[in-house]
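# Coordinates in review
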Amino acid sequence: MVKRKIILLSIGVFLLLLSSLYVYLGGFIAIELRQTECSDLNLVGLNYIGIPQDEKIGEYFREVETARKDKPLQTIYYIEPEGKRDTLHVFIGYESDRINEGLSTPWVSQSVECQSAIVAKLEMNRFVMPGPDKTKRAIQDFAKEKGLTLKGIYIDKIISSDHVEVWAPIGS
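Residues numbered from 1 in each chain as written. Predicted model: local features only at pLDDT ≥ 70, side-chain atom pairs only at ≥ 80, totals over all residues. Heavy atoms only, no water.

### Section: the overall build of the protein
Assigned secondary structure in the protein consists of three helices and eight strands. If you list the helices and strands of the protein from N to C, you get α-β-β-α-β-β-β-β-α-β-β. Taken over the C-alpha trace, the protein has a radius of gyration of 20 Å; the compact-globule value for 172 residues is 16 Å, which it surpasses by more than 25%. For the protein, the spread of C-alpha atoms along the principal axes amounts to about 75 × 40 × 30 Å. Taken over 172 residues, the protein has a buried fraction of 36%. Here the analysis covers contacts within the protein between residues at least 6 apart in sequence; of these, 70% occur between residues at least 24 apart. Of the charged side chains in the protein, 21 are positive and 23 negative, and the gap between their average positions amounts to 9 Å. (Helix = DSSP H or I, 4+ residues; strand = E, 2+ residues; numbered from the N terminus. Rg over C-alpha atoms; globule rule 2.2 N^0.38 Å. Buried < 20%, exposed > 50% of the residue type's maximum accessible area, 1.4 Å probe, protein only. Contact = heavy atoms within 4.5 Å. Lys, Arg positive; Asp, Glu negative; His and termini not counted. Charge placed at Lys NZ, Arg CZ, Asp CG, Glu CD.)

### Some details on the packing of aromatic side chains
What describes a pair of aromatic rings is the distance from one ring centre to the other and the angle between the planes of the rings. All chains considered together, the criterion is met by one aromatic pair. Ring centres 6.2 Å apart and planes at 90 degrees place the aromatic pair Y48 and Y60 in the edge-to-face group. Taken together, the positions of Y48 in strand β2 (residues 41–50) and Y60 in helix α2 (residues 55–68) put the pair 12 residues apart, joining distant regions of the chain. (Phe/Tyr/Trp six-rings, centres within 6.5 Å; stacked < 30°, edge-to-face > 60°.)

### Observations concerning α2
Between its first and last C-alpha atoms α2 spans 20 Å; for 14 residues at 1.5 Å apiece the expected length is 20 Å, and the two agree. Within the sequence span of α2, burial applies to I57, G58, Y60, V64 and R68. Seen from one end, α2 has its buried residues packed into an arc of 160 degrees, which puts them on one side. Exposed positions of α2 whose direction lies more than 90 degrees from the buried face are E55, R62 and T66. Those residues of α2 that are buried lie in contact with β2, β3 (73–79), β4 (88–95) and β5 (107–112). N-cap assignment for α2: the residue whose side-chain oxygen lies 3.1 Å from the backbone N of K56 is D54. Just beyond α2, the residue with positive phi is K69, at close to 60 degrees. (Expected span 1.5 Å × (residues − 1). Arc of directions from axis to C-beta. Polar contact = N/O pair within 3.5 Å; in protein donor to acceptor, adjacent residues only side chain to side chain.)

### Side note on the nonpolar core
If you look at the biggest cluster of nonpolar residues, it comprises 16 residues, and the most contacted ones within it are I118, L122, I139 and V166. Those elements that provide at least two residues to this core are β6 (116–123), α3 (132–146) and β8 (163–169). Per element, the largest residue contribution to this core is four residues, and it comes from α3. Setting aside residues no more than four positions away along its own chain, V166 makes contact with I118, V119, A120, L122, T135, I139, Y154, I155 and D156. (Core = buried A, V, L, I, M, F, W, Y, C linked by side-chain atoms within 4.5 Å.)

### Comments concerning the sheet that holds β8
Taken in spatial order, the eight strands of this open sheet run β1-β6-β8-β7-β3-β4-β2-β5, and their pairing is antiparallel. Edge positions in the sheet fall to β1 (32–37) and β5, since each has one partner strand and no second. Between one strand axis and the next, the sheet turns through 30 degrees on average, direction left out of account. As judged from the four bridges shared by β3 and strand β7 (residues 155–160), these two strands associate in the antiparallel manner. Bridged to Q74 within β7 is K157. Each of β1, β6 and β8 is contacted by α3, which is oriented at about 140 degrees to β6, the strand it contacts most. (Pairing = 2+ DSSP bridges. Axes fitted to C-alpha atoms, helices over the stretch in contact; angles between N-to-C directions.)

### A few points about the pairing of β8
In regular strands, side chains alternate between the two faces of the sheet. The buried count for β8 comes to seven of seven residues, which makes it a mostly enclosed element. Here β8 shows no split at all, with H163, E165, W167 and P169 on one side and V164, V166 and A168 on the other all buried. Pairing analysis gives seven bridges linking β6 to β8, with the strands arranged antiparallel. Along β8, the bridge assignment pairs L122 with V164. In terms of strand pairing, β7 meets β8 through five bridges, oriented antiparallel.

### With respect to the layout of surface pockets
A water-sized probe rolled over the atoms picks out the places where empty space is left. As a volume, the largest pocket reaches approximately 430 Å³. Along its surface, the largest pocket is lined by 18 residues, and T75, Y77, P132, D156 and V164 are the ones closest to its centre. For the lining of the largest pocket, the secondary-structure elements that each account for two or more residues are β3, α3, β7 and β8. Looking at the lining of the largest pocket residue by residue, the classes come out as 10 nonpolar, five polar and three charged. (1 Å grid on protein atoms, 1.4 Å probe; cavity = no way out; pocket = protein on both sides within 12 Å on 5 of 7 lines; lining within 4 Å. Points joined across faces, edges and corners; volume = space filled by probe spheres on them. Nonpolar A, V, L, I, M, F, W, Y, C, P; charged D, E, K, R; others polar.)

As structure tokens, then:
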């Protein structure tokens, strides 16, 4: 009987600590959505097509991290894998002032037309940050509620490990 009370008390304390940690990391912070005006994005970076477990994707991220200096890292996922062995297609880059700055292979430039966009702001620890599906659903629901049509492209703007903005340009 005493042992059972100690076990239940220990479990209760553990759950309380776990809940407190979740709150501290920002686990209950909602996705902040807004519509904003924007200008066309001129991005430079690397296209990766392969499986998520390939070392090359890590190399590409490190290469772009080095080249981007103080500009936010931006990713566009064209094909998101269902599992570890499925194909992934992602553009990894940053915004550039010049669209074609004498890029050498495999670097490419990419323009994204944008006059207006829905922005989802995620400011919380990366361990409790909502996943891409939940964020996209929130953006799509916001667009539907406002009667807006999305272009179907989602640009992750990684400002820091605890601050990400997902930009979804609105179609005309």
